[in-house]
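What follows is each chain in one-letter form.
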Amino acid sequence: MHFSVFSDAEWLYPDSAHSALSGISLHLPRGGHDGAQLLGGILSGTLSAVLRWDGGRGPAVRLYRLLPVGVNENTSPTLMTTTDYESCREFVTRKAPFEVFDALKPLTEPEMPDGTRLALYLCAEAAADETPGEYSGTLTVTVGADKAELSVRCTVHAPVVLPPAQARLSMLNFFDYDGPVRQHGLVRGGADYWQAFRSYVRAQLDMRCTHILLPPGEAVYRDGAPAGFDFSFAQQAGRIALEEGAAFLCGGHVAHWHEWDDSEYYPNWDSTTGVSTPQGYLQLRLYFSQWAQVIRANGWQGRITQALADEPQTHNDKTYRVLAAICRKFLPGVPILDAVETTNLGGGVDIWVPKQDTYEKWREEYTALQAAGEEMWFYTCAFPAGPAMNRSMDLPLAVSRTVLWMGALYRLSGFLHWGFNYYIGDDIWHSACCPHKGALLPAGDAHIVYPGKDGRPWRSMRFEAQRAGAEDYELLMQAVDAAPGEADALIRTVCTTFRSYARSGAAVAAARLRLFRLLEEVARNG
């Protein structure tokens, strides 16, 4: 039985040819991780795998079976997806439809033969106080009566990635509270539902999310009009998130426009009453005053931010300011955090989150806000599509990682993505492009985890790449503090804009090793 080894920053496919590598070599910082993918043959017998470190000591290890996922259409050069391969061939990895190994099933028990191509993912994680140095061991993979042994060499480097609670990078991935119902068949709000939610929160925290998005309050009607709001569901979600170790919560969005170029916003519960009207004010007054009571009763002051309305535009920035003013009246001291599509929201938003291309389009204005002391994150989503950095499954896997290197280059202090578990199609395993308003989202845009067994989410290779990018960000910012010119030059060997970047995982790995050496040199020189 033969296995070959691949980087964790390159896509692996069921039809991939074997590589020349048969030994596993890992490099990781303390408090961080590194991984490798292994490709075998057809799984024709019961599978099991175990890694044993020489001398019984070495970093913690997780083993997964890689599962293929179908990409049904390619990312379009402009918006959503396309079946015209010639229009996108310069930036996608291969022509759709195709299968790619993205989902990670924990290898916690023997796998039965199923006649499919066998691929594994090995991840080593060093504790923050791990002793730097070389570790070696042997990975033994058994398939039926066959056995393969692969050497593992692991270098733990001295630089330390701080835990999320002390991190420089903030992160928020939106959570779909109907997802566990739709994907796991659970009853919303039941005991099994909340247990599943705990698992999803742990997954978000493992990906280094610092903020957990809560659901908004639910309107309670009397005589057809909102008479109050029920925050019990949001309260339970918030309590669980903090119990699991989340640093911050984020109150759910309360309003939206009907069309992106509308001048008015409307409360979630009333699509006919504008927030800038007297009746809109009274409804929002009731909402925020009751939400403030929940925040105080749970002692969440200083631990919560508030989202108001996703993606305010130049057409509705004045109305957004009205909405923000109402929020501030009843939630004083609670920072407002939103994805934005304009620079004209000063005083209305505390944590700016422009889209990656929006930031570069108006970079002069945004950098002026940064220089004035405004907190600036960024986000990615289905638009603008094309080669713009995103988590799409037909873009290079390394991009899911290096998008956060661009965050370091631009000194952006947070990252947001809407699609943690928002897949709403019929078959997540064979149609990764999620349906949306009569079109299809780029493959994987709506989700970075998969529904596993017993209400638990399964990670993806994109999950691991984003987690790695967040760890890299912490080390890059340490380098920026000590040697900004050298740090920026290092980043530019990998990426220079959100559309100009190295496609090779090898280029990222080489730059990462240079980053370790730079930080070690800084430490030696005091």
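Residues numbered from 1 in each chain as written. Predicted model: local features only at pLDDT ≥ 70, side-chain atom pairs only at ≥ 80, totals over all residues. Heavy atoms only, no water.

Enquirer: Quick one: what's the story with the overall build of the protein chain, residue by residue and with numbers?
Expert: When helices and strands are tallied, the protein chain shows 11 helices and 28 strands. Taken over the C-alpha trace, the protein chain has a radius of gyration of 23 Å; the compact-globule value for 526 residues is 24 Å, and the two agree within 12%. Considered along the principal axes of its C-alpha atoms, the protein chain spans approximately 75 × 55 × 50 Å. Across the 526 residues of the protein chain, 57% fall into the buried class. At a minimum sequence separation of 6, the contacts of the protein chain that also span at least 24 residues come to 74%. A total of about 20,400 Å² of accessible surface is found on the protein chain, and carbon and sulfur atoms cover 50% of it. The distance from the centre of the 46 positive side-chain charges to the centre of the 60 negative ones in the protein chain is 4 Å. (Helix = DSSP H or I, 4+ residues; strand = E, 2+ residues; numbered from the N terminus. Rg over C-alpha atoms; globule rule 2.2 N^0.38 Å. Buried < 20%, exposed > 50% of the residue type's maximum accessible area, 1.4 Å probe, protein only. Contact = heavy atoms within 4.5 Å. Areas by Shrake-Rupley, 256 points an atom, 1.4 Å probe, with all protein chains shown as cover. Lys, Arg positive; Asp, Glu negative; His and termini not counted. Charge placed at Lys NZ, Arg CZ, Asp CG, Glu CD.)

Enquirer: Got a sec to walk through the side chain of Thr 81? Specific residues and values, please.
Expert: Residue position: Thr 81 is located in strand β7 (residues 81-82). Not counting residues up to four positions away in its chain, the partners in contact with Thr 81 are Glu 73, Asn 74, Thr 75, Ser 76, Cys 433, Leu 440, Leu 441 and Pro 442.

Enquirer: How would you explain helix α5 (residues 317-330) if you had to name every residue and give the values?
Expert: Relative to the 20 Å expected for 14 residues at 1.5 Å per residue, α5 spans 21 Å between its end C-alpha atoms, a close match to the ideal helical length. Listed as buried for α5 are Asp 317, Thr 319, Tyr 320, Leu 323, Ala 324, Ile 326, Cys 327 and Phe 330. For α5, the elements touching its buried residues are β17 (255-256), α4 (278-297), β19 (304-306) and β20 (337-340). (Expected span 1.5 Å × (residues − 1).)

Enquirer: Describe the sheet that holds strand β1 (residues 4-7), listing the residues and the values that go with them.
Expert: The strands that make up a sheet are held in pairs by hydrogen bonds between backbone atoms, and each pair lies either parallel or antiparallel. If you walk across this open sheet you meet the five strands as β1-β3-β9-β5-β8, and the pairing is antiparallel. Each end of this open sheet is capped by a strand with a single partner; those strands are β1 and β8 (98-106). Across this sheet, the average inter-strand angle for adjacent strands is 35 degrees, counted without regard to direction. Pairing between β1 and strand β3 (residues 33-42): four bridges, direction antiparallel. (Pairing = 2+ DSSP bridges. Axes fitted to C-alpha atoms, helices over the stretch in contact; angles between N-to-C directions.)

Enquirer: Account for the state of the cysteines, with residues named and values stated.
Expert: For the coordinates displayed, the defined rule picks out zero disulfides. As a non-bridged cysteine, Cys 123 has Cys 154 as the owner of its nearest cysteine sulfur, 10 Å distant. Of all cysteine sulfurs, the one in Cys 434 lies closest to Cys 381, which takes part in no disulfide; the gap is 14 Å. (Disulfide = S-S within 2.5 Å.)

Enquirer: So what's going on with the packing of helix α9 (residues 461-482) against helix α11 (residues 505-524)? Residues and values would help.
Expert: Two elements in contact, α9 and α11, have axes separated by 10 Å at closest approach and are oriented at 45 degrees. What the angle tells us is that α9 and α11 run oblique. Between α9 and α11 lies a crossing whose hand is left-handed. For the pair formed by α9 and α11, the contact residues are Asp 472, Leu 475, Leu 476, Gln 478, Ala 479 and Ala 482 on the first element and Arg 512, Leu 515, Phe 516, Leu 518, Leu 519 and Val 522 on the second. In the contact of α9 with α11, the residues fall into nine nonpolar, one polar and two charged. (Parallel < 35°, antiparallel > 145°, perpendicular 65-115°, else oblique. Left-handed = near helix turned anticlockwise from the far one by under 90°. Nonpolar A, V, L, I, M, F, W, Y, C, P; charged D, E, K, R; others polar.)

Enquirer: Just give me the short version of the packing of aromatic side chains, but keep the residues and values in it.
Expert: This structure, assessed with the given rule, holds 29 aromatic pairs. On the numbers, 5.4 Å between centres and 70 degrees between planes, the contact of Phe 175 with Phe 197 is edge-to-face. Of this pair, Phe 175 sits in the loop between β12 (170-173) and α1 (179-184) while Phe 197 sits in helix α2 (residues 191-206); the two residues are 22 residues apart in sequence, bridging distant segments of the chain. On the basis of relative accessibility, which here comes to 4%, the residue Phe 175 falls in the buried class. Here Tyr 265 and Tyr 320 contribute two aromatic rings whose centre-to-centre distance is 6.3 Å and whose plane-to-plane angle is 65 degrees, an arrangement assigned as edge-to-face. Taken together, the residues Tyr 265 in the loop between β17 and β18 (266-267) and Tyr 320 in helix α5 connect sequence positions 55 residues apart. There is no split in this pair, since Tyr 265 and Tyr 320 are both buried. Taken together, the ring pairs in this structure connect Phe 175, Tyr 177, Tyr 193, Trp 194, Phe 197, Tyr 200, Phe 233 and Phe 420 into an aromatic cluster. For Arg 94, the ring lying beneath its charged end belongs to Tyr 13, and the centroid distance is 3.7 Å. (Phe/Tyr/Trp six-rings, centres within 6.5 Å; stacked < 30°, edge-to-face > 60°. Lys NZ or Arg CZ within 6 Å of the ring centre and 35° of its normal.)

Enquirer: An account of unusual backbone geometry is needed here, citing residue identities and associated values.
Expert: Peptide bonds are trans in most cases, and residues, glycine excluded, mostly fall at negative phi. Along the chain, Ala 96 connects to Pro 97 via a cis peptide bond; the corresponding omega equals 0 degrees. Here Pro 97 lies in the loop between β7 and β8. Backbone torsion omega between Phe 383 and Pro 384 reads 20 degrees, so that peptide bond is classified as cis. You will see that Lys 437, though not glycine, has its phi angle at about 50 degrees, which is positive. Topologically, Lys 437 is positioned in the loop between β25 (435-436) and β26 (439-440).

Enquirer: I'd like to hear about the nonpolar core, residue by residue, with values.
Expert: If you look at the biggest cluster of nonpolar residues, it comprises 103 residues, and the most contacted ones within it are Phe 288, Trp 291, Leu 308, Tyr 320 and Phe 420. Sequence-distant contacts of Trp 291, defined by excluding residues within four places in its chain, comprise Leu 214, Phe 231, Ala 234, Gly 251, Trp 300, Ile 304, Gln 306 and Leu 331. (Core = buried A, V, L, I, M, F, W, Y, C linked by side-chain atoms within 4.5 Å.)

Enquirer: A description of the sheet that holds strand β4 (residues 47-53) should follow, citing residues and the corresponding values.
Expert: Ordered in space as β2-β11-β10-β4, the four strands form an open sheet in which the pairing is mixed. Taken across any chain shown, the strands that pair with only one partner, and hence form the sheet edges, are β2 (24-30) and β4. In this sheet, neighbouring strand axes are inclined to one another by 25 degrees on average, regardless of whether the strands run parallel or antiparallel. Of the pairings in the sheet, the one linking β4 to strand β10 (residues 133-143) comprises seven bridges and is antiparallel in character.

Enquirer: So what's going on with α4? Residues and values would help.
Expert: The α-helix winds at 3.6 residues per turn, so residues separated by three or four positions along the chain end up facing the same way. A rise of 1.5 Å per residue sets the reference length of α4, with its 20 residues, at 28 Å; its end C-alpha atoms lie 29 Å apart and thus fit the reference within 8%. The complete set of buried residues in α4 reads Gly 280, Gln 283, Leu 284, Tyr 287, Phe 288, Trp 291, Ala 292, Val 294 and Ile 295. Looking straight down α4, one finds its buried side chains confined to an arc of 165 degrees; they lie on one side. Turned more than 90 degrees away from the buried face of α4 sit Pro 278, Arg 296 and Ala 297, all of them exposed. Immediately beyond the C-terminal end of α4, within one or two residues, lies Gly 299, with a positive phi of roughly 65 degrees. (Arc of directions from axis to C-beta.)

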